[in-house]
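Structure at a glance
Single-letter residue listing:
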Amino acid sequence: MRKIPLHSLILVVGPAGSGKTTLSKTKFEDYEVISSDDMRMSLIGDKYRHEINYLVENEVSRLIDLKLKLGERVVVDSSNLTARERLRYVEIGDTYGVPIYYIIVNRSNEDKEKSSGKNSPSSYIRKNDQFFIDNEEDILRGDGRASVIDSRIEQFSVVKKFNGENVLSQLKARGFHGMTVAGDIHGNLESLKNTIEWAQTRRCLLLQLGDIVDYGPKSVECVDLMYDRVTRGLGIMVIGNHEKKIERWLTYQNLLRDDPNSVAGKKPPSLSEGNMATVRQIEAMTSYDRKKFESRFSALMNLARHHWIIGNFLFTHGAADVDMWKMTGSRLSSKFESLALFGEVDRNSPKKENGYPNRVYNWVDRIPLGKTVVVGHDIRGTFKPKISNGVRGGNAVFMDTGSSKGGHLSTADIVFVSDELKLQNFNWH
């Protein structure tokens, strides 16, 4: 059975009354679906006003472009899509390099015969006592551009986002035996490949703790690989401070190109030599490859969170606060965001000789009894991850062991034991 990944473009193809809308709303989330009927209703309150189709088509195109740019999946529900309309939408998907699908929806021959008369609005063609969608042969070939799922003869499933509510149940429901948790990668492609293989062999979800980019030579490739895992429902990640910096840099560069007045007088984000390892890769791309990369990076950031709460474990990049255990939204704000991205620092002390702030670990003592916080960001040792016990009975696991910084990439297996998640072992990759 084929699975439709996150961050993809789906055109639901079929005549009016074929069941397209039912399929779209059953299989996909409401916010993913762009319906031409709904758009007419929102514009003028009348879904039958087909003389404004050219305006609706323009608006559909605009929304497809925006949603794909943001890293979302897009489902287009529009009756009797012409070849020109299909290809117009497909070209937008091609621009972002996303998977494109036609899902063909049709009714029984009895129903089709009733709607095949001269005055029928449905575009059925009769051949040898069978009824077909107009241009069905071209559609079945995907117009040479899309993958085709014929829902009349083929089952398919849809990859769903992990949400922040009760992730433990979602893990079990999706058949995972637990998680393989990876520390900061920093452009270390071979170690990421090894980690993915290790997670697959153990039927574990890959949970990456942020900072997949910078320092190492293959940051772009690491983004591509992590994007593949996440959009196929095989991985999740938290946002690291290095992803945040690259996101800010990309935003500034795009505004400088598209709306220079909006950044007039503003300084671009300052970049470290570690950041420049990624920036040089991006700047060396063709315009097409760069647009595709930016779309994948946006999708990864869109699907990532500042922290994940899974059972008695909390996963974040830098540090945690006890109140974060009550927060299930995808983004944190103010001091909580700062903790998640940068850890706890003593702002009253001078910076270290290497320019880094003076990190402190008071937050570890605030972890509640029976709870474990797993973080990256802070290299507490290059031999193995460090476990610190807090005075309240909780503990912290520091997973960053210096990948692309003279150390290596470490992972932890956190697997189901008697229906509860247990930290089982550490590994090098």
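Everything numeric here is computed off the predicted structure, so don't read it as measured data.

1. Examining the packing of helix H9 (residues 219–231) against helix H12 (residues 287–303)
With their axes 9 Å apart at the nearest point, H9 and H12 run at an angle of 50 degrees to one another. Accordingly, the angle class assigned to the pair H9 and H12 is oblique. Judged by the twist between their axes, the crossing of H9 over H12 is left-handed. Contact with H9, carried on its side by Val220, Val223, Asp224, Met226, Tyr227, Val230 and Thr231, involves Phe293, Arg296, Phe297, Ala299, Leu300 and Leu303 of H12 and no other residues of that element. Taken together, the residues of the contact of H9 with H12 sort by class into ten nonpolar, one polar and two charged.

2. Quick look at the sheet that holds strand S8 (residues 147–150)
The five strands are arranged S3-S4-S2-S5-S8 in an open sheet whose pairing can be described as parallel. The outermost strands of the open sheet, each flanked by one partner alone, are strand S3 (33–35) and S8. For this sheet the average axis-to-axis angle between neighbouring strands, irrespective of direction, equals 20 degrees. One ladder, built from four bridges, connects strand S2 (residues 9–13) with strand S4 (residues 74–77); its direction is parallel. By the bridge assignment, Val12 is partnered in S4 with Asp77.

3. Looking at unusual backbone geometry
Within the chain, Asn166 stands out as a residue other than glycine whose phi angle is a positive 50 degrees. The residue His186 is not glycine, and still its phi comes out positive at about 50 degrees. Within the secondary structure, His186 sits in the loop between strand S10 (178–182) and helix H8 (189–201). Judged by its relative accessible area of 1%, His186 falls in the buried class.

4. Structural notes on the packing of aromatic side chains
In the structure shown here, the tally under the stated rule is five aromatic pairs. For the ring pair Phe293 and Phe297, a centre distance of 5.9 Å and an interplane angle of 25 degrees mean the geometry is stacked. Taken together, the residues Phe293 and Phe297, both in helix H12 and four residues apart, mark about one turn of the helix. Taking relative accessible area as the criterion, Phe297 reaches 3% and is therefore assigned buried. For the pair Tyr361 and Phe398, a centre-to-centre distance of 5.8 Å together with 85 degrees between the ring planes defines the contact as edge-to-face. A residue pair is termed long-range when its members are at least 10 positions apart, and Tyr361 in the loop between helix H13 (334–342) and strand S15 (372–375) and Phe398 in strand S17 (residues 395–398) qualify at 37 residues. On the basis of relative accessibility, which here comes to 28%, the residue Tyr361 falls in the partly exposed class. Owing to a relative accessible area of 1%, Phe398 belongs among the buried residues under this scheme.

Procedures and definitions
- Residues numbered from 1 in each chain as written.
- Predicted model: local features only at pLDDT ≥ 70, side-chain atom pairs only at ≥ 80, totals over all residues.
- Heavy atoms only, no water.
- Axes fitted to C-alpha atoms, helices over the stretch in contact; angles between N-to-C directions.
- Helix = DSSP H or I, 4+ residues; strand = E, 2+ residues; numbered from the N terminus.
- Parallel < 35°, antiparallel > 145°, perpendicular 65-115°, else oblique.
- Left-handed = near helix turned anticlockwise from the far one by under 90°.
- Contact = heavy atoms within 4.5 Å.
- Nonpolar A, V, L, I, M, F, W, Y, C, P; charged D, E, K, R; others polar.
- Pairing = 2+ DSSP bridges.
- Buried < 20%, exposed > 50% of the residue type's maximum accessible area, 1.4 Å probe, protein only.
- Phe/Tyr/Trp six-rings, centres within 6.5 Å; stacked < 30°, edge-to-face > 60°.

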